[in-house]
Amino acid sequence: MRRITRIATAGVASAALALSVTACGGSSSDAGSDSDGDKAAIAYDIGGRGDQSFNDAAYAGLEKAEKDLDVQGSEAEPSDGEGDADKVQRLTELARSGNNPVIGVGFAYAPAIKKVAPKFPKTTFGIIDDASVTGDNIANIVFNEEQGSYLAGVAAAKVTESKTVGFIGGVETPLIKKFEAGFVQGVKDTDASVNVLPQYLTQPPDFGGFSKPDLGKAAAQGQLDKKADVIYSAAGLAGSGAIEAVSKAGKWNIGVDSDQYQQKGLAAYKESILTSVTKDIEDAVFNLIKSVQDGEPQTGEIRYGLDKNGVALSMSNPAFVEMKDVIAAVDKAKQDIIDGKITVKSAP
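These lines cover the structure that appears in this document, whether it is placed above or below. (Residues numbered from 1 in each chain as written. Predicted model: local features only at pLDDT ≥ 70, side-chain atom pairs only at ≥ 80, totals over all residues. Heavy atoms only, no water.)

**Section: the sheet that holds strand 9 (residues 230–234)**
Thinking step 1. Judged by pairing direction, the sheet is mixed, and its six strands sit side by side in the order 8-7-9-10-11-13 without closing on themselves. The sheet is open, and its two borders are formed by strand 8 (195–202) and strand 13 (311–313), each paired with just one other strand. On average, each strand axis in the sheet is tilted by 15° relative to the strand beside it, whichever way the strands run.
Thinking step 2. Relative to strand 9, strand 7 (residues 164–171) runs parallel, the two sharing five bridges. (Pairing = 2+ DSSP bridges. Helix = DSSP H or I, 4+ residues; strand = E, 2+ residues; numbered from the N terminus. Axes fitted to C-alpha atoms, helices over the stretch in contact; angles between N-to-C directions.)

Below, the structure is given as structure tokens:
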């Protein structure tokens, strides 16, 4: 049976929860000593569970730990327009209630983990997509997104008929620019005549570009109007809007983070999803939880790249698998990256 607690961090409900969790978990000084790896928690990024992408991949790792390790899992959802103080409160509540590890899904948790982790030295804190905040009890789970995106660029350049492809980034941050950089390089290395249309939905501090499907849909329609026939979206929940628009236009999507061809919420559009740039967030979350349960918690930078299959192109769509020349080009590029023959840029 799934054992999940949904934690909100807004208003009266938040205050009440803080009191109840503190009563159960004791003070921050002894909370870590009661954590034995049988309880684990993830705090979601913008968009929350159900984004069919980044957050859902993290949830899959927690769900796997529940089934395989008999771990009791807890989830905490973000609130709209929240600040670092909300994240600090969320992580504190999760740690006080005895969860170990506590995993922040996304780089936005860096300031909060920097503040909370020292207060719970016996609890392992994981953060996905950030290596800027470090500590003896912090695990930095990072990926070579640019490498997977390079392969997506190779595929896009091989399948485009209009010689125009698009990239949609949710928010213009250094992380999402890694996706853009790899994609553009992969396209141009494969066919320099292909035009790439990059577009970002919002600029920091507005992170709504990760959570608003209507923005993704509008951006994709604009690129379709400019003759793009392959669009790669790295935009979280907003990417689902782009996928819908591209599917209805009869063009190709390239998904991100999760294998979006397999996502139930996107089933109506799956035939348009040529492939996805996957990040093995599921196994990364599971591995961290297992390491704590085994008494040897992971800490420091834990990097996943092509060499460890930490990033990849999904092969779920039979139409993609049948494109033998495309697959051959992708496989060659993958091996060249692993062998060091191709160095993929991490910034445009």
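Now that the structure has been shown, the text picks up again.
**Considerations on the nonpolar core**
If you look at soluble globular proteins, the nonpolar side chains tend to sit buried side by side.
Thinking step 1. In terms of nonpolar packing, the biggest core is built from 65 residues, with Ile42, Ile128, Phe183 and Ile289 touching the most fellow members.
Thinking step 2. Broken down by element, the residue count for this core peaks at eight residues, all from helix 6 (residues 145–159).
Thinking step 3. Residues contacting Ile289, with those up to four places away along its chain left out, are Ala40, Leu62, Ala65, Leu69, Val71, Pro101 and Ile103.
Thinking step 4. Residues Ala43, Val88, Ala112 and Val116 belong to the second largest nonpolar core, which totals 19 residues. (Core = buried A, V, L, I, M, F, W, Y, C linked by side-chain atoms within 4.5 Å. Buried < 20%, exposed > 50% of the residue type's maximum accessible area, 1.4 Å probe, protein only. Contact = heavy atoms within 4.5 Å.)

**With respect to the pairing of strand 7**
Thinking step 1. Most of strand 7 sits out of view: eight of its eight residues are buried.
Thinking step 2. Looking at chain direction, strand 7 and strand 8 are connected through seven bridges and run parallel. Within the sheet, the bridge partner assigned to Gly166 lies in strand 8 and is Leu197.
Thinking step 3. Regarding the hand of the β-α-β motif, the stretch spanning strand 7, helix 7 (residues 174–190) and strand 8 is right-handed. (Right-handed = clockwise from strand over helix to strand, strands pointing away.)

**Quick look at the pattern of salt bridges**
Thinking step 1. For the structure shown, the criterion picks out 15 salt bridges.
Thinking step 2. We note a salt bridge from Lys177 to Glu172, for which the minimum N-O separation is 3.0 Å.
Thinking step 3. A relative accessible area of 28% places Glu172 in the partly exposed class.
Thinking step 4. Lys217 is paired through a salt bridge with Glu244; the nearest N and O atoms lie 3.5 Å apart. (Salt bridge = Lys/Arg side-chain N within 4 Å of Asp/Glu carboxyl O.)

**Describing the environment of Ala65**
Thinking step 1. Locating Ala65 in the fold gives a position in helix 3 (residues 54–69).
Thinking step 2. Of the residues examined, Ala65 reaches a relative accessible area of 0% and is grouped as buried.
Thinking step 3. Along the backbone, Ala65 and Val285 are 220 residues apart, and their C-alpha atoms lie at a distance of 8.5 Å.
Thinking step 4. When residues no more than four places from it in sequence are discounted, the contact partners of Ala65 are Asp70, Val71, Phe286 and Ile289.

**Section: helix 3**
In an α-helix, one turn spans 3.6 residues; hence positions three or four apart end up facing the same way.
Thinking step 1. Taking 1.5 Å as the rise per residue, helix 3 with 16 residues should run 22 Å; its terminal C-alpha atoms sit 23 Å apart, in good agreement.
Thinking step 2. Those residues of helix 3 that fall on the buried side of the exposure criterion are Phe54, Asn55, Asp56, Ala57, Ala58, Tyr59, Gly61, Leu62, Ala65, Glu66 and Leu69.
Thinking step 3. Looking at the packing, one finds that the buried side of helix 3 touches strand 2 (39–43), strand 3 (72–76), strand 5 (125–128), strand 10 (252–257), strand 11 (273–279) and helix 10 (281–293).
Thinking step 4. Residue Asp70 follows helix 3 closely and has a positive phi angle near 55°. (Expected span 1.5 Å × (residues − 1).)

**Some words on the packing of aromatic side chains**
Thinking step 1. Following the criterion strictly, the structure yields seven aromatic pairs and no others.
Thinking step 2. Centroid distance Phe167 to Tyr232: 5.6 Å. Interplanar angle 65°. Geometry classified as edge-to-face. You can see Phe167 sitting in strand 7 and its partner Tyr232 sitting in strand 9, a full 65 residues away along the chain.
Thinking step 3. Overall, the relative accessible area of 0% leaves Tyr232 in the buried class. (Phe/Tyr/Trp six-rings, centres within 6.5 Å; stacked < 30°, edge-to-face > 60°.)

**Regarding the environment of Lys308**
Thinking step 1. On the secondary structure map, Lys308 appears in the loop between strand 12 (300–304) and strand 13.
Thinking step 2. Judged by its relative accessible area of 56%, Lys308 is exposed.
Thinking step 3. Once the C-alpha coordinates of Lys308 and Ile338 are considered, the two residues, 30 residues apart in sequence, prove to be 9.5 Å apart.

**Description of helix 12 (residues 324–338)**
Thinking step 1. Counted at 1.5 Å a residue, the expected span for helix 12 with its 15 residues is 21 Å, and the 21 Å between its end C-alpha atoms agrees.
Thinking step 2. For helix 12, the set of buried residues is Val326, Ile327, Ala329, Val330, Ala333, Asp336 and Ile337.
Thinking step 3. Lining the buried residues of helix 12 we find helix 6, strand 13 and helix 11 (318–321).
Thinking step 4. Taken from the residues just after helix 12, Gly340 is the one with a positive phi, measuring 85°.

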